[in-house]
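# Chain and residue survey
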Amino acid sequence: MIIDGHSHVTLPVQEHIKAMDAAGIDKTVLFSTAFHPEAAKNFAEVKSSMEFLNDLLAGKKGSMVEERQKAVLELRDAIRQYPDRYIGFGAVPAGLERKPTLQYVDETIQKNNLAGMGEFTLGSGQIHLLKNIFCASQEFHNLPIWIHAFFPLTAADIKEISELAKDYSETPVILGHLGESNWLATVALVKEIPNLYLDTSAYYSTFVLASVINEVPKKCFFGVDRPFGDLQLSKNAVLQFAWTSAVANAVLGENIARLLKLA
Ligand SMILES: [Zn+2]
């Protein structure tokens, strides 16, 4: 079974399912999104879409609470349409007190049968804001936590995440995008910490992808990061650079199927 471990809701949902069928991807772990750059028809629209996201993240435009609610509804709707193809991970605000965090996770993640929490996209120096997210994971049967580990995170931030992973050793922690330019240090942490995993989407270079998947094949989850990645190209990259079919099979589906207990 081939599983894309990380893509965002793209509209229309039917087009995504068609693309999964064409690329031979059985299931996708689906994440919500506050914006839809895939709808842009030209560069100017792409630019304004990206500016909207930046303003939203900076608190300059709209309400992040409202946007997040809208995004969760969109995610829930997509999963309801294709329950056999999608597994959902839901966004949770970081930095809230313990009680409101638990309440949010109960209402948004538990009651919607979502399988994990994320993507957490934090600024550098903000990793401490995840403390109550880890508490919530522990409270709700060790829900996996998916963290964007690309710019602007630094090696020090990734190290801080790994310390949390050590403190909460039953919580699976997935570092997105192989740690970007910090991939060497990130692989060392993943080797040391059993509950720390890697997502291959937006890999830094094919050289990095090849080095990492063959070194820690049991710790890597294939990811596309649609709309930013292409399903077929991403899958082909793993197939081309895995040294053995055992490595390819582990990365392309077996590892995440085991983690999320998918039949
Ligand atoms: Zn990301």
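As a starting point, this report considers the structure included with it. (Residues numbered from 1 in each chain as written. Predicted model: local features only at pLDDT ≥ 70, side-chain atom pairs only at ≥ 80, totals over all residues. Heavy atoms only, no water.)

## A short note on the packing of aromatic side chains
Put simply, the rule is: Here is the rule: rings of Phe, Tyr and Trp (six-membered ring for Trp) pair when centre to centre is within 6.5 Å. Planes less than 30 degrees apart are stacked, more than 60 are edge-to-face, and the remainder are tilted. Secondary structure is summarised from DSSP: a helix means a run of H or I of at least four residues, a strand means a run of E of at least two, and numbering begins at the N terminus for each. Accessible area is worked out with a 1.4 Å probe on protein chains only. A residue is then buried under 20% of its type maximum, exposed over 50%, and partly exposed in between. Whether a charge sits over a ring comes down to the Lys NZ or Arg CZ being within 6 Å of the ring centre and within 35 degrees of the ring normal.
Following the criterion strictly, the structure yields seven aromatic pairs and no others. Where Tyr197 meets Phe221, the ring centres are 5.1 Å apart and the plane angle is 20°; that geometry is what we call stacked. Residue Tyr197 is found in strand 7 (residues 196-199), and its partner Phe221 is found in strand 8 (residues 220-221); the two are separated by 24 residues along the sequence. Residues Tyr197 and Phe221 agree in their burial class; the two are buried. Lying over the aromatic face of Tyr197, Lys219 brings its terminal NZ or CZ to 5.3 Å of the ring centre.

## A short note on the packing of helix 1 (residues 13-23) against helix 9 (residues 231-241)
Rules: Simply put, an axis is a line fit to the C-alpha atoms, just over the touching stretch for a helix, and the angle between two N-to-C directions goes from 0 to 180 degrees. By the definition used in this description, the sense in which the near helix is turned from the far one sets the handedness, with an anticlockwise turn below a right angle giving left-handed and a clockwise turn giving right-handed. Contacts are residue-level and defined by heavy atoms, with any inter-residue pair within 4.5 Å sufficient. Only Asp, Glu, Lys and Arg are considered charged in this grouping, and only Ala, Val, Leu, Ile, Met, Phe, Trp, Tyr, Cys and Pro are considered nonpolar; every other residue, Gly among them, is considered polar.
Contact geometry of helix 1 with helix 9 gives a least axis separation of 9 Å together with a crossing angle of 30°. The element helix 1 and its partner helix 9 pack so that their crossing is right-handed. Residues His16, Ala19, Met20, Ala22 and Ala23 of helix 1 form the contact with helix 9, whose own contacting residues are Leu231, Gln232 and Lys235. For the contact of helix 1 with helix 9, the residue count by class is five nonpolar, two polar and one charged.

## Here's the deal with a nonpolar patch on the surface
Defined as follows: Candidate patch residues must exceed 30% relative accessible area and have no salt bridge, after which like charges are joined if within 9 Å and Val, Leu, Ile, Met, Phe, Trp or Tyr side chains if within 5 Å. Using a 1.4 Å probe, accessible areas were evaluated by the Shrake-Rupley method; residue-level cover was limited to the displayed protein chains. When a carboxyl oxygen of Asp or Glu lies within 4 Å of a side-chain nitrogen of Lys or Arg, that pair is called a salt bridge.
On the surface, Phe43, Val46, Met50 and Phe228 cluster together to form a nonpolar patch covering roughly 400 Å² of accessible area. Within the fold, Phe43 resides in helix 2 (residues 43-57).

## A look at the coordination of the zinc ion
The cut-off we apply is this: Because water is not among the atoms used, a metal site may look incomplete, as its donors are only the N, O and S atoms within 2.8 Å, or 3.2 Å for Na, K and Ca.
The coordination sphere of the zinc ion, as far as protein atoms go, consists of Glu119 (OE), His148 (ND1) and His177 (NE2), spread over 1.8 to 2.3 Å. Between the donor residues of the zinc ion, the gaps in sequence give the motif E-x28-H-x28-H. Residue His148 is located in strand 5 (residues 145-148), and its partner His177 is located in the loop between strand 6 (173-176) and helix 7 (183-192); the two are separated by 29 residues in the primary sequence. On the basis of relative accessible area, His177 is assigned to the buried category, the value being 2%.

## Things to note about the nonpolar core
Note the threshold: For our purposes a nonpolar core is just a set of buried Ala, Val, Leu, Ile, Met, Phe, Trp, Tyr and Cys residues, chained together by side-chain atoms within 4.5 Å.
Judged by nonpolar contacts, the single largest core of 64 residues is most densely connected at Met117, Leu130, Leu198 and Val212. Those residues within four positions of Met117 in sequence are excluded, and the remaining contacts are Phe89, Gly90, Val92, Val105, Ile109, Ile133, Ser137, Leu143, Pro144, Ile145 and Trp146. Among the nonpolar cores identified, the runner-up in size contains 13 residues, and Val29, Ile87, Ile256 and Ala257 belong to it.

## Notes on unusual backbone geometry
With glycine set apart, most residues show a phi of negative sign, and most peptide bonds adopt trans. Geometrically, the link from Phe151 to Pro152 is a cis peptide bond, its omega value of 10° lying close to zero. Structurally, Pro152 is set in the loop between strand 5 and helix 6 (155-167). Residue Pro227 is bonded to the preceding Arg226 through a cis peptide linkage, with omega at 15°. Secondary-structure assignment places Pro227 in the loop between strand 8 and helix 9. The phi dihedral of Asn113 is positive, around 55°, even though this residue is not glycine. Note on placement: Asn113 falls in the loop between helix 4 (98-110) and strand 4 (116-120). Asn113 gets classed as exposed once you look at its relative accessible area, which sits at 70%.

## Points about the pairing of strand 2 (residues 27-31)
To keep it simple, the criterion reads: A pair of strands is treated as paired once DSSP finds two or more bridges between them.
Within strand 2, five of the five residues are buried, which leaves the element mostly enclosed by the surrounding structure. Alternating residues of strand 2 divide into Lys27, Val29 and Phe31 and Thr28 and Leu30, and every residue in both groups is buried. In terms of strand pairing, strand 1 (residues 3-8) meets strand 2 through four bridges, oriented parallel. Within strand 2, the residue paired with Ser7 across the bridge is Leu30. Sheet topology note: the strand 2/strand 3 (residues 86-90) ladder contains four bridges and is parallel. Note on strand 3: the bridge partner recorded for Thr28 is Tyr86.

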